[in-house]
Amino acid sequence: MRQGWLGVVVLVLAGAAQAAGFDARPAVPAPQLKAQDLAGTERTLADYRGKVVLLNFWASWCPPCLREMPSMERLRARMAGRPLVVVALDSAETPQEVNAYLSRMSLGFPVLLDPDGSNTKRWKVFVLPTSFLLDAEGRVRYVLTGPTEWDEGEALQVIESLLAESPPDAR
């Protein structure tokens with residue numbers, strides 16, 4: 001278990017961050033994302049172009065991260081057939097640590113690995129969980145620091161608003 005400074009920040013800020021709500025951002029292109037999935041295939045954001053993307057930075061040692069995972073899976077199932085993809089990017093853990101956690105949970109969305117934390121740094125993630133909502137053109141539109149229930153309330157409203165903006169051919 002490698003918590004480091006990030007774990008301290010998570011434990012200190014998770015409660016306050018949960019109440020913060022979604023931070024709307026000007027529609028700017030997302031930072032580069034290059035990571036391998038659990039099968040070793042390299043993935044980038046271009047793989048998800050044309051879809052709304054929920055990109056969630058998490059770690060298996062982060063209790064708030066683990067609490068929100070089931071709601072992300074429910075969201076994925078609820079949105080089946082719609083242009084939305086949920087992507088979880090594990091921050092600074094080994095594949096063995098990630099697989100040990102995932103063996104206890106069935107997730108139908110892609111899990112990417114960031115063992116050296118380079119994506120986490122590039123995206124300026126300082127607290128886990130941190131989630132980014134990207135529109136179908138790959139632009140960051142909302143950021144949420146802290147956990148949420150993704151399949152209800154404000155989270156679902158924000159996602160539905162981004163899906164309503166998607167081009168008709170992506171729907």
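Source: prediction; values computed, not measured.

Here is what the cut-offs are and how they apply
Residues numbered from 1 in each chain as written. Predicted model: local features only at pLDDT ≥ 70, side-chain atom pairs only at ≥ 80, totals over all residues. Heavy atoms only, no water. Helix = DSSP H or I, 4+ residues; strand = E, 2+ residues; numbered from the N terminus. Buried < 20%, exposed > 50% of the residue type's maximum accessible area, 1.4 Å probe, protein only. Contact = heavy atoms within 4.5 Å. Areas by Shrake-Rupley, 256 points an atom, 1.4 Å probe, with all protein chains shown as cover. pLDDT = per-residue confidence, 0-100. Pairing = 2+ DSSP bridges. Axes fitted to C-alpha atoms, helices over the stretch in contact; angles between N-to-C directions. Arc of directions from axis to C-beta. Core = buried A, V, L, I, M, F, W, Y, C linked by side-chain atoms within 4.5 Å. Expected span 1.5 Å × (residues − 1). Bend = angle between axes of the 7 residues up to and from the residue.

(A) Representation of the overall build of the chain within the structure. From N to C terminus, the chain includes five helices and eight strands. Order of helices (α) and strands (β) in the chain, N terminus to C terminus: α-β-β-β-β-α-β-α-β-α-β-β-α. Out of the 171 residues in the chain, the part that is buried amounts to 50%. Pairs at least 24 apart in sequence give 73% of the contacts found in the chain among residues at least 6 apart. Carbon and sulfur atoms provide 54% of the accessible area of the chain, an area that totals close to 8,100 Å².

(B) Just the confidence of the model for the chain, in detail. Per-residue confidence for the chain gives a mean pLDDT of 88; residues scoring 70 or more make up 85%. In the predicted structure, residues 1-20 sits below a pLDDT of 50 and forms 31 contacts with residues beyond four places in sequence or in another chain.

(C) The sheet that holds strand β1 (residues 23-29), seen in detail. The eight strands lie next to each other as β1-β8-β7-β4-β5-β6-β2-β3, forming an open sheet whose pairing is mixed. With one partner strand each, in any of the chains shown, β1 and β3 (42-44) form the two edges of the open sheet. Looking at each pair of strands side by side, their axes are set apart by 30 degrees on average, direction ignored. Contacting β4 (52-58), β5 (84-91) and β6 (111-114), helix α3 (residues 95-102) crosses the sheet at an angle of about 150 degrees to β6.

(D) Fine view of α3. All of the buried residues along α3 are V98, Y101 and L102. Projected down its long axis, α3 shows its buried positions confined to an angular sector of 95 degrees, all on one face. Structurally, α3 contributes buried residues whose contacts are with β4, α2 (63-78), β5 and β6.

(E) The environment of E149, seen in detail. Along the chain, E149 falls in the loop between β8 (139-145) and α5 (153-165). For E149, a relative accessible area of 33% translates into the label partly exposed. Once you skip the residues sitting within four places of it in the chain, E149 turns out to touch R67, S71, R74 and A155.

(F) Geometry of the nonpolar core. Judged by nonpolar contacts, the single largest core of 51 residues is most densely connected at L55, W58, L75, W123, F132, L133 and W150. Those elements that provide at least two residues to this core are β4, α2, β5, α3, β6, β7 (130-134), β8 and α5. In this view, L55 contacts L33, V87, L89, W123, T130, S131 and F132; residues no more than four positions away in its chain are not counted.

(G) Fine view of α2. Taking 1.5 Å per residue as the helical rise, α2 with its 16 residues ought to reach 22 Å, and the 24 Å between its terminal C-alpha atoms agrees with that figure. At M69, α2 shows its largest kink, close to 30 degrees, and the proline P70 lies no more than four residues downstream. The complete set of buried residues in α2 reads P64, C65, E68, M69, S71, M72, E73 and L75.

(H) Structural context of the pairing of β8. Burial of β8 is extensive: five of the seven residues sit out of reach of the surface. Note that β1 and β8 share four bridges and pair antiparallel. Residue pairing for β8: V28 is matched across the bridge by V140. Here five bridges tie β7 to β8, and the two strands are oriented antiparallel to one another. Looking across to β8, one finds that F132 is bridged to V143. The turn joining β7 and β8, which pair antiparallel and follow one another in sequence, is formed by four residues; a positive phi near 80 degrees is taken by G138.

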